[in-house]
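Architecture and fold: a report
The chain contents come next:
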Amino acid sequence: MVLPMLMNISKNAKMIGDYDKNKIYLQSDKIIGNVNSCLSFIKYNNYYISNSSLKEDIRKIVYNHKRIICILSKKIQEKEYNEITYIDNKYIEDILVSKDILAKMSRKIKHEFFLLKKI
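Fair warning: this is a prediction, and the values are worked out from it, not measured in the lab. (Residues numbered from 1 in each chain as written. Predicted model: local features only at pLDDT ≥ 70, side-chain atom pairs only at ≥ 80, totals over all residues. Heavy atoms only, no water.)

A short note on the overall build of the protein chain
Across its full length, the protein chain holds five helices and seven strands. Taken across its 119 residues, the protein chain has 33% of its residues classed as buried. If you take every contact in the protein chain between residues at least 6 apart in sequence, the share linking residues at least 24 apart comes to 45%. Taken as a whole, the protein chain presents about 8,400 Å² of accessible surface, with 55% of it coming from carbon and sulfur. (Helix = DSSP H or I, 4+ residues; strand = E, 2+ residues; numbered from the N terminus. Buried < 20%, exposed > 50% of the residue type's maximum accessible area, 1.4 Å probe, protein only. Contact = heavy atoms within 4.5 Å. Areas by Shrake-Rupley, 256 points an atom, 1.4 Å probe, with all protein chains shown as cover.)

Examining unusual backbone geometry
The phi angle at Lys21 is positive, at roughly 60°, despite the residue not being glycine. Note on placement: Lys21 falls in the loop between strand E1 (15-19) and strand E2 (30-33). Although it is not a glycine, Asn64 sits at a positive phi angle of roughly 50°. Summarising the element assignment, Asn64 is placed in strand E5 (residues 62-67). Here Asn64 falls in the partly exposed class, since its relative accessible area comes to 39%.

Regarding a nonpolar patch on the surface
Where nonpolar side chains cluster on the molecular surface, the patch consists of Ile42, Tyr44, Tyr47, Ile49 and Ile76 and spans about 550 Å² of accessible area. Within the residue set of the nonpolar patch, elements represented by two or more residues are strand E3 (38-44) and strand E4 (47-54). If you trace the backbone, Ile42 turns up in strand E3. Ile42 gets classed as partly exposed once you look at its relative accessible area, which sits at 32%. (Patch = residues over 30% accessible without salt bridge, like charges linked within 9 Å, V, L, I, M, F, W, Y side chains within 5 Å. Salt bridge = Lys/Arg side-chain N within 4 Å of Asp/Glu carboxyl O.)

With respect to the nonpolar core
One finds Val2, Leu6, Ile9, Ala13, Ile32, Leu39, Phe41, Ile68, Ile71 and Tyr86 forming the largest nonpolar core, which totals 10 residues. Residues within four places of Ala13 in sequence aside, it is in contact with Ile32, Gly33, Ile68, Ile71 and Tyr86. Membership of the second largest hydrophobic core comes to nine residues, among which are Ile31, Ile58, Ile61 and Val62. (Core = buried A, V, L, I, M, F, W, Y, C linked by side-chain atoms within 4.5 Å.)

Here's the deal with the side chain of Ser37
Its location among the elements puts Ser37 in the loop between E2 and E3. When its relative accessible area of 1% is taken as the criterion, Ser37 is described as buried.

What to know about the pattern of salt bridges
Between side chains of opposite charge, a pair can form when the charged atoms approach closely. Inspection of the entire model under this criterion finds four salt bridges. Note that Asp57 and Arg59 form a salt bridge whose closest N and O atoms lie 2.8 Å from each other. Given a relative accessible area of 13%, Asp57 falls into the buried group. By relative accessible area, which is 44% here, Arg59 ends up partly exposed. Where Arg67 meets Asp88, a salt bridge forms, and the shortest distance between an N and an O atom there is 2.4 Å. With Arg67 in strand E5 and Asp88 in the loop between strand E7 (83-87) and helix H3 (92-96), this residue pair connects regions lying 21 residues apart in the sequence.

This is the structure in structure tokens:
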């Protein structure tokens, strides 16, 4: 039932948090999702690898959950992020003034942000 939502997790995820270890058989570090479905991740070297899908309200299985304000994507071999998959319009200004984020974005994506800002 949750698989269609999880297939578009980069568009449907609204929160992220650290797993609170309250389920005996789930070994995870981070959870990403919303009030209907979640993906859990375990850290392996410098990457997080998905290890489970859950039909669960993320707020019930994480502590210190944070709101996701922007999701950018890129292929692993690329240096710069070149696609906006989700953005909370309320935070466009904050993202545009962050030098750390801007340094990792491609010119194409910076242009998309400026267009979103004008709308």
